[in-house]
Amino acid sequence: MTIQTIVVPDLGGAETVEVIELGLNPGDQVELEDSLLVLESDKATMDVPSPASGVFSKYLVAEGATVKVGDPIAEIEVSGEAAGSGAESADSEEVEQIAHAPVVESSEDNSAEQQAAPQSESEQIVASQSSQLMVKVPDIGSDEKVEVIEISVAVGDYVNEGDTLVVLESDKATMDVPSTHSGKVLKIVVAEGDKLATGDDVALFEVESAEVSADAAAEETAAHSVAKTESTSVAAPVVAESNANSIQAAPGQPAQPPSIKPSVASAATEKSAGAEVYAGPAVRLIARELGVELSQVTGSGPRGRILKDDVNNFVKQVMQNKAVPEVTGGSGIPPVPAVDFSQFGEIEEIALNKIQKLTAANMQRNWLNVPHVTQFDDADITELEAFRKGLKAECEKRGVKVTPVAFLIKAIGAALQANPEFNRSLSADGQNFIQKHYYHVGMAVDTPRGLVVPVIKDVNEKGIWDISAEISELAAKARDGKLKPAEMQGGCFTLSSLGAIGGNGFTPIVNSPEVGILGVSKSQMKPVWDGAEFAPRLMLPLALSYDHRVINGGDAGRFMTYLVKLLSDIRYLAL
Ligand code: CAO
């Protein structure tokens, strides 16, 4: 292995650049062309790719350092063979510029060569009609085709000179193709993903005729110049400060044709989803590979630039919160805007605990996936309550507390058996019903840490005493945080009783993949017409929510009617 020193490559005119991103750690494996670090001038952002595969050793500069061409910036360890084909080893007296240095030309101090470049650009604008111009890809400095990664205008748009038409991206740089004229876009002849080379058509424009004639004049002059200077014309990428206004050159001076200026600096800023995105080519590549919308990523780099770590962290965060990707939004659902409540008064932030996070995720999942319908009825529990109260002495003797909830669970089990549609789930692919032949009922328990749902198994094989004992035991465990996972699994249907708390009705959310849930509110004495007179009866408000994919209204009506009958005359429970 040989240590190979990477130096700042040709900066295309910029004297110094800033080191803005150091993404590797000593020992990291790097492949040929992997980005080692990112440099930025006032016009361009460029990745410095590795000239060979090897092991990253260390950086020789710090983030924020200002460096110039030839400055050593990093070291990698490469095999002897790779070292021979790449840059010089550290032993070498002369430090050579890396083989794959990005050539991002800046043009403020245009060389003679670069001055000649615009001449070839005369071909970039062709007057196809008296008032129409075809804007073409400028000289991009190589024969390599580059990809269109963004179309920044639409047909019919009026664009001003300098506005970006499309964004091109090679593996080394991102370039805007700005409009050379003000005018209306008549046609865009490229699509995202197209590979373009210098001189390819981009968009047809309608421009004012005066401008066209000026261009045409310039074109003619420039074309003439091309003929004269053909040998000196270079294919330098024109990240030029070359002034489009130079078309109004002084009399006698060779008029410069309007040049299309791929500005790498501004290319690093992508307009996406209405938001400005500031990121380099390597980061854009990673984002595209991972399917990350960069406008959603917050940049932690200098001036808000998005770094690789930002993209990685974004992905990690989404994966970690997969169950709750966002409080709102996703699947095309418009997100609720984030509000800074502190502007209205004093606030404090309280983190959700694990149960609360899970509840939030499950509720959102169930609410979004299940087409809910809720049906209401009241059960006359006058006799049930009289019977229950009559059990008081027996309860004390047995040490068991019997509440209406035990009768509800027993009645639900019987109603599930009589109405098997409620004892089903929909298969994950939506093609089959899963009919269950066991009767396990979940019971929502309100605890200081949040809502949990222990499950009472085989309720149809148990009597009121056993069910009551289990309710007390599971509710106590739930409140003490001692429920085991197995005690919260396997439910066929859920009971949510707010009877001890109050209210006269609510619409519970189905605990999917179950298909039904019963919401029970506080019983109240009500005057009920018995055919001859109003009689005081203890009425229990019931709300049955169901998954309308599995249960139709008739099924629900029958289930509810049967349940009400069982609760109104519990002798049926014995049958
Ligand atoms: N109407 C009137 N009174 C009722 C009643 C009803 N529907 N249901 C129960 N009660 C009474 C009980 O009889 C008991 O009174 P007595 O001691 O005088 O007999 C009192 O209310 C307290 O009952 P409890 O809460 O101790 O026990 P429970 O069996 O009624 O309920 C449990 C157990 C675990 C369901 C309940 O404690 C609980 O946590 N409920 C909340 C469930 C919940 O949060 N649901 C919402 C989920 S969706 O967000």
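(A) Just the overall build of the chain, in detail. On a plain count of helices and strands, the chain comes out with 12 helices and 30 strands. Classification of the 575 residues of the chain by burial places 43% in the buried group. Here the analysis covers contacts within the chain between residues at least 6 apart in sequence; of these, 65% occur between residues at least 24 apart. Summed over its atoms, the accessible surface of the chain is roughly 28,800 Å², and 51% of this surface lies on carbon and sulfur atoms.

(B) Structural context of the site of the ligand. The local shell around the ligand holds 20 residues, among which T403, R479, S496, S497 and S523 are the closest. Within the backbone of S497, one N or O atom sits 3.0 Å away from a nitrogen atom of the ligand. With respect to the ligand, the backbone of S521 contributes an N or O atom lying 3.1 Å from a nitrogen atom. Within the complex, 72% of the 960 Å² of free accessible area of the ligand lies under protein.

(C) Representation of the side chain of E514 in the model. Examined against the element boundaries, E514 turns out to sit in the loop between strand 27 (493-497) and strand 28 (516-520). Of the side chains bearing the opposite charge, K436 lies closest to the buried E514, which forms no salt bridge; the N-O distance is 6.8 Å. At a separation of 3.5 Å, a polar atom in the side chain of E514 contacts the main-chain amide nitrogen of F493. Excluding residues within four positions of it along the chain, E514 makes contact with S425, G491, C492, F493 and T494.

(D) How the structure looks around the confidence of the model for the chain. Predicted confidence across the chain gives a mean pLDDT of 78, with 75% of residues reaching 70 or more. pLDDT under 50 marks residues 210-275. Its contacts with residues more than four places away, or in other chains, come to 144 contacts.

(E) Examining the packing of helix 10 (residues 404-418) against helix 12 (residues 553-568) more closely. Direction vectors running N to C along helix 10 and helix 12 enclose 140°, while the axes themselves pass 9 Å from each other. In terms of orientation, helix 10 and helix 12 fall into the oblique class. At the point where helix 10 passes helix 12, the crossing takes the right-handed sense. Where helix 10 approaches helix 12, its residues F407, L408, A411, I412, A414, A415, L416 and A418 are matched on the opposing element by F559, Y562, L563, L566 and L567. Classifying every residue of the contact of helix 10 with helix 12 gives 13 nonpolar, no polar and no charged.

(F) Quick peek at a nonpolar patch on the surface. A cluster of nonpolar side chains, contributed by V339, F341, F344 and I347, occupies part of the molecular surface with about 440 Å² of accessible area. Residue placement: F344 occurs in the loop between helix 6 (308-320) and helix 7 (354-369).

(G) Just the sheet that holds strand 1 (residues 2-7), in detail. If you trace the 4 strands from one edge of the open sheet to the other, you get 1-8-6-3, paired in antiparallel fashion. A strand with exactly one partner marks an edge of an open sheet, and here the two such strands are strand 1 and strand 3 (29-30). Inspection of the sheet shows strand 1 paired to strand 8 (residues 72-78) by 6 bridges, in the antiparallel sense. When the bridges of strand 8 are listed, V7 appears paired with P72.

(H) Quick look at the pattern of salt bridges. Going through the model one piece at a time under the given rule, you end up with 13 salt bridges. Across the pair E385 and R388 runs a salt bridge, and its minimum N-O distance is 2.6 Å. Remark: R388 and E385 occur in helix 8 (residues 382-390); sequence separation between them is 3 residues, near one turn of the helix. No difference in accessibility class separates E385 from R388, as the two residues are buried. With a closest N to O distance of 3.3 Å, R558 and D555 form a salt bridge. A residue pair is termed a helical-turn pair when its members lie 3 or 4 positions apart in one helix, as R558 and D555 do in helix 12 at 3 residues.

(I) Spotlight on the packing of aromatic side chains. Applying the stated criterion across every chain yields a total of 7 aromatic pairs. Between F387 and F407, the aromatic rings sit 6.2 Å apart at their centres with planes inclined by 80°, giving edge-to-face as the arrangement. Residue F387 is located in helix 8, and its partner F407 is located in helix 10; the two are separated by 20 residues in the primary sequence. Here the aromatic rings of F422 and Y546 are separated by 6.4 Å at their centres, their planes lie at 75°, and the arrangement is edge-to-face. Of this pair, F422 sits in the loop between helix 10 and strand 21 (424-426) while Y546 is found in strand 30 (residues 534-547), placing the two residues 124 residues apart along the sequence. Across the pair, exposure class does not vary: F422 and Y546 are buried alike. Here a set of aromatic residues connected by ring pairs shows up, and it is made of F422, F493, Y546 and F559. For K565, the ring lying beneath its charged end belongs to Y572, and the centroid distance is 4.6 Å.

(J) Quick look at the nonpolar core. Formed by 53 residues in total, the largest nonpolar core has its most connected members in I409, L518, L542 and L567. Those elements giving two or more residues to this core turn out to be helix 10, strand 23 (441-443), helix 11 (464-480), strand 27, strand 28, strand 30 and helix 12. Top contributing element to this core by residue count: helix 10, with 9 residues. With 22 residues, the next largest nonpolar core counts I6, V17, V67 and I73 among its residues.

(K) Region of interest: helix 8. Residues L384, E385 and R388 constitute the buried set of helix 8. What you see down the axis of helix 8 is that its buried residues fit within an arc of 95°, all on one side. Exposed residues pointing more than 90 degrees away from the buried face of helix 8 are listed as A386 and G390. Looking at the buried positions of helix 8, the neighbouring elements they touch are helix 9 (392-398), helix 10, strand 30 and helix 12.

(L) Seen up close, the packing of helix 10 against helix 11. Between helix 10 and helix 11, whose axes approach to 9 Å, the crossing angle comes to 115°. The two elements helix 10 and helix 11 meet at a crossing, and its hand is right-handed. Between helix 10 and helix 11, the residues in contact are V405, A406, F407, I409 and K410 and I464, I467, S468 and I471, respectively. Its residues placed into classes, the contact of helix 10 with helix 11 shows 7 nonpolar, 1 polar and 1 charged.

(M) View of the pairing of strand 5 (residues 45-49). The buried fraction of strand 5 amounts to 5 of the 5 residues, a majority that puts the element mostly inside the structure. The alternating pattern of strand 5 places T45, D47 and P49 on one face and M46 and V48 on the opposite face, and all of these are buried. Pairing of strand 4 (residues 35-40) with strand 5 involves 5 bridges; the strand directions are antiparallel. Along strand 5, the bridge assignment pairs V38 with D47.

Rules and cut-offs
Going along each chain's sequence as written, the residues are numbered from 1 onward. Totals for whole chains, interfaces and linings use all residues, but because this is a predicted model, local features are given only for residues with pLDDT of at least 70 and pairs of side-chain atoms are given and counted only at 80 or more. The side-chain values count all of the structure's non-hydrogen atoms but skip hydrogen atoms and water molecules. Every helix listed is a DSSP run of H or I at least four residues long, and every strand listed is a run of E at least two residues long, numbered separately from the N terminus. In this scheme, a residue with accessible area under 20% of its type's maximum is buried, one over 50% is exposed, and one in between is partly exposed, where area comes from a 1.4 Å probe on protein chains only. Any two residues whose heavy atoms approach within 4.5 Å are treated as being in contact. Areas reported here follow the Shrake-Rupley algorithm with a probe of radius 1.4 Å; residue values treat only the protein chains shown as occluding. Throughout, near means a residue has at least one heavy atom within 4 Å of the molecule or strand. Whenever two N or O atoms come within 3.5 Å, that pair is a polar contact, provided that in protein one can donate a hydrogen and the other can accept it, and provided that, for residues adjacent in sequence, both atoms are side-chain atoms. Neither His nor the chain ends is counted toward charge; the positive residues are Lys and Arg and the negative residues Asp and Glu. One speaks of a salt bridge when a side-chain nitrogen belonging to Lys or Arg is within 4 Å of a carboxyl oxygen belonging to Asp or Glu. A residue's pLDDT is the predictor's confidence in that residue, given on a scale from 0 to 100. Only the stretch in contact is used when a helix axis is fitted, and all axes are lines through C-alpha atoms; the angle between N-to-C directions ranges over 0 to 180 degrees. Each angle receives one of four descriptions, namely roughly parallel if under 35 degrees, roughly antiparallel if over 145, roughly perpendicular if within 65 to 115, and oblique otherwise. In this scheme the crossing of two helices becomes right-handed for a clockwise turn of the near helix relative to the far one and left-handed for an anticlockwise turn of less than a right angle. Charged residues are taken to be Asp, Glu, Lys and Arg, nonpolar residues to be Ala, Val, Leu, Ile, Met, Phe, Trp, Tyr, Cys and Pro, and polar residues to be all remaining types, Gly included. Residues enter patches when they are more than 30% accessible in relative terms and free of salt bridges; like-charged ones are connected within 9 Å and nonpolar ones (Val, Leu, Ile, Met, Phe, Trp, Tyr) within 5 Å. In this description, strands pair whenever DSSP reports at least two bridges between them. Each Phe, Tyr or Trp ring, with Trp reduced to its six-membered ring, pairs with another whose centre is within 6.5 Å; inter-plane angles below 30 degrees give stacked pairs, above 60 give edge-to-face pairs, and intermediate values give tilted ones. Geometrically, a lysine NZ or arginine CZ counts as sitting over a ring once it is within 6 Å of the ring centre and also within 35 degrees of the ring normal. The criterion is simple. A nonpolar core is a set of buried Ala, Val, Leu, Ile, Met, Phe, Trp, Tyr and Cys residues joined through side-chain atoms within 4.5 Å. This arc describes the spread of directions from the helix axis toward the C-beta atoms.

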